[in-house]
Amino acid sequence: MRSPSVQARYMVGMAVDATGAGMYLPLSLLYFHHVTGLPVGQVGALISSAALIGLIGNPVSGVLVDRFGARTIVVGGYLVRAVGFTAYAFVHSPAPMFLAVLLVSFGDVSFSPSIQSFIAEIVQGQARDRMLAAQRSLRNAGLGLGGLIAAGVLALDADAAYLAVVLTAAVTYLLTALIMRSIPVPPGRHAPAGAKRGYRLVARNRPFLTLTLLNIPIAFGYMVLSVSLPVYVTQHLSTPASLIGVLYAINTFGIAVLQIPVTRALARYRRTRATALGAAVFCVSFVGFALLGLLPARSAVLAGVFLATALFTLGELLHGAAASALVASAAPAETRGRHLAVYQLSWAVPTALAPAVLTALLTFSPAGMWLVLALGVTASAVTLLGVEPRLPHDAVRPAPQAVTVG
């Protein structure tokens, strides 16, 4: 890359962000339960309600990215979350809690379309794939580190410990905003404010809308690690609850260590092929999980759980960075913010619905849930290969030269 300082500053920002998020994520429910005294179920309902309402900020963020530039919205989103987390320190009842979580939700939904647009503005070609791979690797490592820090702090089991975690997360978001603001952005990367562009242009972009729809089954697949797998392996396979932490560690550690070399190895292939291959590996993993219930021996079940989790992680490694780079490159530069905001709905809606949908399927038929997911990701992979000829050539086959702007 021509300007390592751009990549270095960006990665430092991602590391700070992920560490703060990793500190808070494991105790989001516990924190509000602790400070408000509300039952965990009621806390979860309030958080989910605020998150769903916060989705209205998604199309707004796309408009703002196209009008003011991605960096401005990235920085603004971090500042909104910093204010929201600071407000958490003063929450002691349901109404203020709901408002504070809603504020953070608006910052959260702006992240994906703005950060992907930001990467597209500052780096081009295969360098974009490598930066996205490094981001995924670093964020997984940061989330793990943040979780360890939170565990140490919360071992104190004191009000001050909970407060320290929340305020530290607020500070990390503020620091990340300052770091992102320092990254130079080339002029002219987004259209002037008066240009004619809107969501109607996204609606006419049939290949991009197809990419968006194809991501929905895969997004549900991504959610199994946090939603379905803990229930499945403990209640239906009768394995120890401690196994969940081990499986999560395999996934996060595998992505942190292997995402960059896997993305390098995929550089010679079309992004669509890498994305479809990742979905196909997800399918194999899900079928493997479905078959575990047929194994009589406990040792075979445990070995199968580890193997299926390893395959799931491989699917993420193949799919994650390639799919992100494909979508960001397939979005026209003039309306990239709106396009990526629409695409983000294919993640946000399944994320919101997954707890209800996946648990309902799991209750109806444990093996059936995995087979439904396998069928969905397979259909996505096959259809993606079919839509490949209608996608922009440089989105499917990135330029080999690494170019960083700034």
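Definitions and limits used
Residues numbered from 1 in each chain as written. Predicted model: local features only at pLDDT ≥ 70, side-chain atom pairs only at ≥ 80, totals over all residues. Heavy atoms only, no water. Salt bridge = Lys/Arg side-chain N within 4 Å of Asp/Glu carboxyl O. Helix = DSSP H or I, 4+ residues; strand = E, 2+ residues; numbered from the N terminus. Buried < 20%, exposed > 50% of the residue type's maximum accessible area, 1.4 Å probe, protein only. pLDDT = per-residue confidence, 0-100. Contact = heavy atoms within 4.5 Å. Arc of directions from axis to C-beta. Axes fitted to C-alpha atoms, helices over the stretch in contact; angles between N-to-C directions. Parallel < 35°, antiparallel > 145°, perpendicular 65-115°, else oblique. Left-handed = near helix turned anticlockwise from the far one by under 90°.

Asker: If you had to explain the pattern of salt bridges to someone new, which residues and values would you point to?
Answerer: Using the criterion set out here, one finds 4 salt bridges in the structure. With a shortest N-O distance of 3.5 Å, Arg 81 and Asp 108 are connected by a salt bridge. In this pair, Arg 81 sits in helix H5 (residues 70-88) while Asp 108 sits in helix H6 (residues 94-109), placing the two residues 27 residues apart along the sequence. According to the relative accessible area criterion, Arg 81 is buried, its value standing at 5%. Here Glu 388 ties to Arg 270 by a salt bridge, and the two come within 2.5 Å at their closest N and O atoms. With a gap of 118 residues between them, Glu 388 in the loop between helix H17 (366-387) and helix H18 (393-396) and Arg 270 in the loop between helix H13 (242-266) and helix H14 (271-292) connect regions that are remote in the sequence.

Asker: With reference to specific residues and values, describe the confidence of the model for the protein.
Answerer: Looking at the protein, the pLDDT average stands at 84 and 90% of residues meet or exceed 70. Long-range and interchain partners of residues 190-195, a stretch whose pLDDT sits below 50, account for 10 contacts in this model, where long-range means more than four residues apart.

Asker: Help me get a handle on unusual backbone geometry, residues and values and all.
Answerer: Positive phi outside glycine occurs at Ser 238, with the angle close to 60°. Along the polypeptide, Ser 238 turns up in the loop between helix H12 (228-236) and H13.

Asker: Which residues make up H12, and what values go with them?
Answerer: Taken together, the buried positions of H12 are Ser 228, Leu 229, Tyr 232 and Val 233. The buried residues of H12 all sit within an arc of 110° when viewed along its axis, so they share a single face. Backbone geometry just downstream of H12 places Ser 238 in the positive-phi region, at approximately 60°.

Asker: Could you give an account of the packing of H5 against H6, with specific residues and numbers?
Answerer: One can describe the packing of H5 onto H6 by two numbers: an axis separation of 8 Å at closest approach and a directional angle of 160°. Of the possible angle classes, the one that applies to H5 and H6 is roughly antiparallel. The two elements H5 and H6 cross, and the hand of that crossing is left-handed. Contact with H5, carried on its side by Gly 77, Val 80, Arg 81, Val 83, Gly 84, Phe 85, Ala 87 and Tyr 88, involves Ala 100, Val 101, Leu 103, Val 104, Gly 107 and Asp 108 of H6 and no other residues of that element.

Asker: Help me get a handle on the side chain of Gln 259, residues and values and all.
Answerer: Its place among the elements puts Gln 259 in helix H13. In this structure, Gln 259 is in contact with Ala 133, Arg 136, Ser 137, Gly 254, Glu 316, Leu 317 and Ala 321, ignoring residues within four places of it in sequence.

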